[in-house]
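This is what each chain is made of:
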Amino acid sequence: MNHIRVWTVLLGTMIGMPALADEPAPANVTATSPSTASTDFDLFSKNTVSVLVDWRLAVANGATSFVNGGFGKTRLQGDGNGGFSTIFAPFEADVVWNPRFGKMFSANISGAWQRGHHDGFDLMEAFLNFLPDQSHRFRFSGRMGLMWPEISLEHSTGGAWSVVNTITPSVINSWVGEEVKVLGTEISVHTNLGDHDFGLTGGVFGWDDTSGTLLSFRGWALNDIKSTALGSFRLPPLNNFITLLQQHKTDNTIEIDHQPGWYARFDWHPPQPVDVALFYYDNRGNPQAFTAADQWGWRTRFWNLSVNVRLSRRTKLLAQGMTGSTIMGFPENGQNWVHTDFRSAYVLIVHDFGPLALTGRIEGFQTREHGSEMPPSNNEDGWAATVAARVPIDHYFTAFVEAMNVNSRRGTRVALEGLASPFESQAVFQISLRAKI
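Residues numbered from 1 in each chain as written. Predicted model: local features only at pLDDT ≥ 70, side-chain atom pairs only at ≥ 80, totals over all residues. Heavy atoms only, no water.

1. Focus: the overall build of the chain
Our working rule: A run of DSSP states H or I qualifies as a helix once it reaches four residues; a run of E qualifies as a strand once it reaches two. Both are numbered from the N-terminal end. The quantity called the radius of gyration is restricted to C-alpha atoms. Its globule counterpart is 2.2 Å times the number of residues to the power 0.38. Note on contacts: a residue pair qualifies if any of its non-hydrogen atoms lie within 4.5 Å across the two residues. Here Asp and Glu are counted as negative and Lys and Arg as positive; His is not counted, and neither are the chain ends. All charge positions are set by atom: Lys at NZ, Arg at CZ, Asp at CG, Glu at CD.
Secondary structure summary: the chain contains five helices and 20 strands in total. Expected size for 437 residues packed as a compact globule is a radius of gyration near 22 Å; at 21 Å, the chain falls within 12% of this value. Dimensions of the chain, computed from the C-alpha atoms along their principal axes, are close to 60 × 45 × 40 Å. Within the chain, counting contacts between residues at least 6 apart in sequence, those at least 24 apart form 66% of the total. Taking the 33 positively charged and 41 negatively charged side chains of the chain as two groups, their mean positions are separated by 4 Å.

Next up, the structure:
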């Protein structure tokens with residue numbers, strides 16, 4: 001029934017009124033805005049319909065991945081005996097439709113099949129854009145529909161929300177891709193004060209009440225599996241109390257408490273080669289609300305600070321930091337059943353050597369448990385290092401090579417999964433061939 005309601009609300013939202021402007025691409029991506037595109041209607045042409053395919057060769061070690069119900073930090077895992085396993089297979093296939101409805105209106109609609117996301121082909125994004133004349137002092141734009149808020153510095157827009165310079169996004173933006181997709185409306189205004197450009201965005205949304213479930217029960221993860229309209233994510237082993245309450249999966253898009261959430265973003269673009277953005281999110285979820293299928297509401301709030309620095313004509317530094325909390329359940333001894341504080345930060349440097357781009361990223365992540373039914377052994381500490389190369393082959397194909405090492409500690413690996421140690425160090429090597437047709 002919830003799935004039917006998602007489609008009904010989404011269809012009504014998109015038909016009811018045109019909405020908002022495509023979020024700007026990251027600083028290392030050049031995007032074509034509706035204002036610079038053709039002003040004619042263009043519904044179905046080679047400019048509006050594209051197919052994207054991602055085929056990979058991957059080698060990894062490590063314990064059971066979260067994709068298969070474990071506590072592994074990536075979507076890949078070893079052979080079960082402590083050694084490496086190898087896979088050569090398609091990992092994602094997307095269909096993207098970007099129709100234009102004249103000078104001011106356009107849309108972004110995409111569907112995806114993703115390996116490890118066990119719900120088949122499903123709708124990923126579907127939103128309308130509104131971008132009027134941008135020559136005035138105060139410039140307005142907007143979006144409406146199923147979409148990701150503008151948080152990530154690592155993803156491109158206007159397509160399948162793919163990572164630009166690496167194969168795997170940071171833990172921050174991996175989690176955004178999993179649990180911070182909304183069905184809502186946002187409005188942005190930009191203006192100039194001297195040589196400084198300022199922007200303010202506000203959004204109101206619903207259908208994201210389970211945001212926080214994965215972050216509490218599984219912890220952070222590095223992966224590029226993205227939530228879909230009707231999909232769900234499998235959960236790792238749960239303790240005896242939570243098992244009685246929570247379905248062994250979390251739905252991607254669901255409305256439980258009928259209480260709208262909101263977010264806001266402040267942008268500052270000084271005359272120096274630096275861009276700064278501060279983002280706040282509050283889904284205003286009721287942590288005591290639940291469905292007959294044991295999907296719970298979560299009160300999830302966080303701050304995200306992002307900085308984009310152009311160090312030279314060919315070198316950029318990207319950095320993000322996130323801190324927040326998520327709460328679920330009824331109070332007991334002064335604490336809700338689950339109360340997880342979370343934080344993470346990364347620094348990424350990308351340098352272009354002509355057609356070749358090299359990227360390095362280092363990040364740390366942490367969760368702290370304060371809930372009455374989540375012991376301190378659920379606390380998590382970890383860090384990861386990633387190096388990657390992006391090599392454009394021609395107009396249709398791009399190759400990526402990535403090496404990643406993830407180190408983390410989480411006591412539930414011993415208590416709930418039966419492993420010998422709470423520590424894990426995992427290595428992942430991937431070669432990806434992306435095709436856009």
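Once you've had a look at it, read on.
2. Here's the deal with the packing of aromatic side chains
Note the cut-off: Stacked, edge-to-face and tilted are the three classes for Phe, Tyr and Trp ring pairs, Trp counted by its six-membered ring, which pair at centre distances within 6.5 Å; planes under 30 degrees apart are stacked, over 60 edge-to-face, the rest tilted. Throughout, exposure labels follow a simple rule: accessible area from a 1.4 Å probe, protein chains only, divided by the maximum for the residue type, with under 20% read as buried, over 50% as exposed, and the rest as partly exposed. A positively charged side chain is recorded as over a ring if its NZ (Lys) or CZ (Arg) lies within 6 Å of the ring centre. The angle to the ring normal must also be within 35 degrees.
Taken as a whole and judged by the stated rule, the model has 22 aromatic pairs. Measuring from ring centre to ring centre gives 5.3 Å for F205 and Y281, while their planes differ by 20°; the resulting arrangement is stacked. Of this pair, F205 sits in strand β9 (residues 196-206) while Y281 sits in strand β13 (residues 274-282), and the two are 76 residues apart along the sequence. For the pair F205 and Y281, one class covers both residues: buried. A connected cluster of aromatic rings, assembled from ring pairs, spans W175, F205, W220, Y263, F279, Y281, F302 and F342. Across the ring face of W148, the terminal group of K181 is positioned such that the distance to the ring centre comes to 3.9 Å. Above the face of the F400 ring, R434 is positioned so that its terminal group lies 4.0 Å from the ring centre.

3. Observations regarding the environment of N47
Within the element layout of this structure, N47 appears in the loop between β1 (41-42) and β2 (49-60). N47 sits in the exposed class, given a relative accessible area of 55%. For the pair N47 and S408, spaced 361 residues apart in sequence, the C-alpha to C-alpha distance is 44 Å.

4. Points about the side chain of K226
Short version of the rule: Any N or O atom pair separated by 3.5 Å or less is treated as a polar contact, with the protein-specific requirement of one donor-capable and one acceptor-capable atom, and with residues adjacent in sequence counted only for side-chain atom pairs.
Its place among the elements puts K226 in the loop between α3 (213-217) and β10 (232-234). Taking relative accessible area as the criterion, K226 reaches 5% and is therefore assigned buried. Side-chain polar atoms of K226 contact the backbone oxygen of A160, separated by 2.9 Å.

5. So, the pairing of β13
To keep it simple, the criterion reads: Only when DSSP finds a minimum of two bridges between them are two strands counted as paired.
Pairing geometry for strand β12 (residues 261-269) and β13, over seven bridges, is antiparallel. Bridge pairing links W262 to D282 in β13. Linking β12 to β13, which pair antiparallel, is a turn of four residues.

6. With respect to the environment of S170
Take S170: it is sitting in the loop between β7 (139-147) and α2 (171-179). Linking S170 and N223, residues 53 residues apart in sequence, is a C-alpha distance of 8.0 Å. Those residues in contact with S170 that sit more than four places away from it in its chain are E154, L222, Y346, R361 and E363. For S170, the side chain forms a polar contact with the side chain of E154, separated by 2.7 Å.

7. Section: the confidence of the model for the chain
For clarity, the cut-off: The quantity called pLDDT is the predictor's confidence in a given residue, expressed from 0 to 100.
Summarising the model, the chain shows a mean pLDDT of 91, and 91% of its residues fall at 70 or more. Low pLDDT (under 50) marks residues 6-38, which in the prediction has 81 contacts with non-local residues, meaning those over four places away or in another chain.

8. A word on the pairing of strand β18 (residues 380-392)
Alignment of strand β17 (residues 356-369) against β18, held across 11 bridges, turns out to be antiparallel. Among the inter-strand pairings, Q366 is bridged to a residue of β18, identified as D381. Note that β18 and strand β19 (residues 397-410) share 13 bridges and pair antiparallel. Within the sheet, the bridge partner assigned to T386 lies in β19 and is M404.

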